[in-house]
Amino acid sequence: MIHTPRTLFVILLSLVLAGVEAKASAVSQKTCDLLIVGGTESGWAAAIQAARMDVPKILIVHDGEWLGGQYTEQALACVDENKGTGRVGWGVDWHPMKRSFHRSGLFKELMDQIEAFNTEKYGSPMPGKPWHGPSTFRPTEAETVFRGMLQPYIDSGQVEVIWNHYPVQADVDSSGDHPRLTGLSFAKLGTETPSLHVSAGMTIDASDWGDAIQVSGTGFEYGPDPPERYGEPSAPKDAPLNEMNPITWAMIVEESDGETPISQPANFDDRNYPRATPFSHQEFAHLNWDVKNPGLGSILHWPPAGQESKRQLSVYSVRRIVDGYSSKDGKTSILLNYMNGQDYPLERLPKHVVEQLEATEPGASQKNIVVMTREQREIVFNDAKQHALGVLYHLQNFVHDRAQDKANSFRNFHLSSEFGTADHLPPKPYIRESLRLKAMYMMREQDGRNRDGETKTKAKPRFSHVMYPDGLFAWQFHYDFHRTGRTYLVEEGDSGPWIDYHKPNRHTKFLSDRCVFPLRSLIPETMDGLIGAQGNVGFSSIVSAAIRLHDQRIHIGQAAGATAAVALKRSQQPRAFPYDREKLEELRDALCGGTEGAVPLLIWPFRDLKPADESFAAVNRLAMLGLLPLSPREVDFHPDELADEPWMRKVLERSGVQSKLSSQPITRGQFCQKVWKQVQQQGWDAFAFERKSPSDVDGDGIADSDDALLYTPNEPITFKIDREPLTPETDGLPRAVEEESLFAVDFCGPGVKPASGFQQDRGERYSEKRGYGWSRSLTNSHRKRNAVTGAHDSFIFTRTNDRWELELDNGDYLVELCVGDSGHEQLLQSVVVEGESVVERETTDQGRFREVSAELSVQDGRLTIDIGSGEAGSNTCLNWVRVFKRKR
């Protein structure tokens, strides 16, 4: 047959069209109401919340085969929860670490089921007895719980899960005021060609690296925020773009019947691990790193035989997940997620990693991991795995060989096979920081950072300086940066061993107060049809370090799921909700008390409220509306205490409810239930928002995108320490008295003239001739600041324990004393007078003091004052002491 050019063209065109049609038909097509990208803990929570709110069709697409994110496929099997200051809050008796809030919402439902499983299998809800914690689990067993809680919605057809796919293309409708995401195309892992297309009314990005946000062109940020971006007080200057909170490849090891050492990992060098144990530190403390003083320290490798079971600080027990000596299981298993050697910084990558990355793309080694390709991330991941395995190899060999007691050696442990991977490691690393959605509002450090002092040592329980008016759940934690920097040996450079180190302001010393998470931080600044979740939400890099815990990520997902459900039900984009009181309260209702069969979620960060309290929802909702008179320090609500009349009248006045006060006793919680019922009945018109301009709702000159207090005119939020005015108890000055003291001593030291009316103490040992002095010489432990005038400008100090005595006749006395420092903050000061504690673990700020008095009896001819506790980091500074004869 002869083909003319025309017939050849027709044949070729037909073949091309047939190929296109075949290719299109190979792409599976799905439609759903809600698409959730990522089966992480946040994606899982979003699906359950949305299903409970009757979203008809929900599709989860996950780039793996595990539900649960950091709980499961990242193997973070020792739970970290909202935590603040003090030792009061949620917790168990045997563990001193107390949490800021009682568990609530889907997080409580999940942990109740995990701990019930633990009780059945191991004989205890918390079988690990870890130093950290206290709640632990096996990742594969937690994943079973995640699946079990989602399964009823899968069985009903309401939820579908597709595994091992990731987004590669996006459908964006640009015809409206805002671009709108309408669908995503997914490829199977290991390929780049779309094989699945999903059209969705709303999409939630709960993936590890913000995959949907990236492919859709939605705005996002990554890496350190410079100071000028958000005005944060601890923002780094000139930080490299690829600096991030490090990743860690966690490991689960379990007890073996004999020695089971692993093979030596690639690129192994014992010098990578000088912090791993005291043996390691002793051997490698002298190494010459190219960053000076990177900070070295270590903890015990493992407990001696017979002392394994108790809670204690060691590599063995810091994150032990099952204690084999006390559990029904009989086998110990341990999470190795050890920041003293296992973390993997993401800047200054090793030479062999740089070379592999550069081979894929020039400049790839300088890219932030967020915007690396999957192939490039795998190069980094593979080296992080080898580095983590090096920790175990170091423990099994270097440390094992030097330890005399080998009963609990890691050489008797093997990597768990529960993940089903060839290397017995979890499928993914623990990801502390990802991209950050450019949202309607970006949470900033100064909004929530504690203002009692520069660091968390002086923090006391309080609500945040900014309580976002569109808050959806409560949170609190320190701004937790692991070591973000990497330093190499001077002699070998980036071809040799390395360790990580803390860069300036990248540490754990700053604490947030009791905060709420704003709805606006879930919603993209420009893109419709999309909601952020997991770590892909609107906060700065610094704030992201404080909102990455197990409970917080579930709360974020739950809030995202509720937001999507309300948006779908109302056929409205979520960006309208912060300005619409009715929609905002509908969303809060779904989270806190309005979803049948669900544990309500804590919205306002009270310390003592429990979901089981009958008034839980009413108190939360009234507080969030600003209808409860609350001071910043009033962190406990006391729902079971009787309500007093003045307080009740204030609540009624704020709420606008017309109600007579009953003469019958009523608790605070019961009164809130009564008022909340009436508030709901009267509707939301009284609480509607007045919009003064399209971009500045409260007309204060701050654009809504930068306005933390959206509906309240205010000045821009800046960070400053709340310094209370000095009082007679804190100014360091002795009180004016008419009677003369029997004895007054100024601890001013050698060469310093004592204040008027005081004798001088030079820190000398007690002598009978002088009649006062110390149990040992402290002549070198004096300081004078020349900052103020008086006896409080100088002091004697101890970081251990020391005793001062004064010869006195037996009898009754009044003793006054002062501790503090006019020039510097001083930590954890303690003073005991005649056996009575008068100053206990007190931290004083620069120029502030703690003045106390004590009435006491001397019965042995000497007044005895003990200063210092010996606690690590403490420094007790004693300024002056006065003694008066007590009048009867």
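Only a predicted model underlies this, so the values are computations on that prediction, with no experimental measurement involved.

Undergrad: Before we move on, could you go through the overall build of the protein chain and cite the residues and values that matter?
TA: Check the secondary structure of the protein chain and you find 16 helices and 31 strands. Relative to the 2.2 N^0.38 estimate, which gives 29 Å for 888 residues, the radius of gyration of the protein chain is 31 Å and therefore close to what a compact globule would have. Principal-axis analysis of the C-alpha atoms places the extent of the protein chain at approximately 130 × 80 × 55 Å. Counting over 888 residues, the protein chain shows a buried share of 59%. Approximately 35600 Å² of the protein chain is accessible, and the part contributed by carbon and sulfur atoms is 48%. Of the side chains in the protein chain, 99 bear a positive and 124 a negative charge, and the two mean positions are spaced by 2 Å.

Undergrad: Explain unusual backbone geometry to me, and be specific about the residues and the numbers.
TA: That bond from G133 to P134 is cis: its omega, 20°, falls within 30 degrees of zero. Backbone geometry at H424 places phi at a positive 65°, although glycine is not the residue there. Relative to the helices and strands, H424 resides in the loop between β13 (413-415) and β14 (436-437). Phi angles above zero are rare outside glycine, and N505 is one such case at about 65°.

Undergrad: Which residues make up the layout of surface pockets, and what values do they have?
TA: By volume, the second largest pocket is sized at about 880 Å³. Looking at the second largest pocket, it is lined by 38 residues, and the ones nearest its centre are D63, L189, R374, E378 and F381. Of all the secondary structure elements, the ones that give two or more residues to the lining of the second largest pocket are β4 (165-173), α5 (211-216) and α9 (374-402). Sorting elements by how many residues they give to the lining of the second largest pocket places α9 first, with six residues.

Undergrad: Lay out the environment of E433 in plain terms, naming residues and giving numbers.
TA: Structurally, E433 is set in the loop between β13 and β14. Taking the C-alpha atoms as reference points, E433 and I531, 98 residues apart in sequence, are found 18 Å from one another. When sequence neighbours within four positions are dropped, the list of residues in contact with E433 reads W209, G223, M244, N245, F481, S541 and S544. Side chain to side chain, E433 and R436 meet in a polar contact 3.3 Å long. Engagement of the side chain of E433 in a polar contact is seen with the side chain of S541, the distance being 2.9 Å.

Undergrad: Explain the sheet that holds strand β25 (residues 802-807) to me, using residue names and the numbers behind them.
TA: Strand order across the open sheet formed by five strands is β22-β25-β30-β27-β28, with antiparallel pairing between neighbours. Strands at the two margins of the open sheet, each flanked by one partner only, are β22 (772-774) and β28 (836-844). Pairs of neighbouring strands in the sheet enclose a mean axial angle of 15°, with direction left out of account. The pairing of strand β27 (residues 826-833) with strand β30 (residues 862-867) spans three bridges and is classified as antiparallel. The residue of β30 that forms the bridge with V833 is I865.

Undergrad: Summarise the packing of aromatic side chains; cite the residues concerned and give the values.
TA: Per the stated rule, a full pass over the model turns up 31 aromatic pairs. Chaining the aromatic ring pairs together yields one cluster made of F463, W604, F606, F637, W647 and F671.

Undergrad: Go over the pattern of salt bridges, please, and point to the residues and values.
TA: Taken as a whole, this structure holds 71 salt bridges when the rule is applied. Put simply, R374 and D211 hold a salt bridge, and the shortest N to O gap is 3.2 Å. Linking R374 in helix α9 with D211 in helix α5, this pair joins segments that are 163 residues apart in sequence. The closest approach of N and O atoms between K438 and E221, which form a salt bridge, is 3.3 Å. With K438 in the loop between β14 and α10 (445-448) and E221 in strand β7 (residues 220-221), this pair connects stretches of sequence that are 217 residues apart. Classification of E221 by relative accessible area gives buried; the value is 12%. One continuous salt-bridge network, built from bridges that share partners, spans D63, E73, D208, D211, R374 and K428.

Rules of the game
Residues numbered from 1 in each chain as written. Predicted model: local features only at pLDDT ≥ 70, side-chain atom pairs only at ≥ 80, totals over all residues. Heavy atoms only, no water. Helix = DSSP H or I, 4+ residues; strand = E, 2+ residues; numbered from the N terminus. Rg over C-alpha atoms; globule rule 2.2 N^0.38 Å. Buried < 20%, exposed > 50% of the residue type's maximum accessible area, 1.4 Å probe, protein only. Areas by Shrake-Rupley, 256 points an atom, 1.4 Å probe, with all protein chains shown as cover. Lys, Arg positive; Asp, Glu negative; His and termini not counted. Charge placed at Lys NZ, Arg CZ, Asp CG, Glu CD. 1 Å grid on protein atoms, 1.4 Å probe; cavity = no way out; pocket = protein on both sides within 12 Å on 5 of 7 lines; lining within 4 Å. Points joined across faces, edges and corners; volume = space filled by probe spheres on them. Contact = heavy atoms within 4.5 Å. Polar contact = N/O pair within 3.5 Å; in protein donor to acceptor, adjacent residues only side chain to side chain. Pairing = 2+ DSSP bridges. Axes fitted to C-alpha atoms, helices over the stretch in contact; angles between N-to-C directions. Phe/Tyr/Trp six-rings, centres within 6.5 Å; stacked < 30°, edge-to-face > 60°. Salt bridge = Lys/Arg side-chain N within 4 Å of Asp/Glu carboxyl O.

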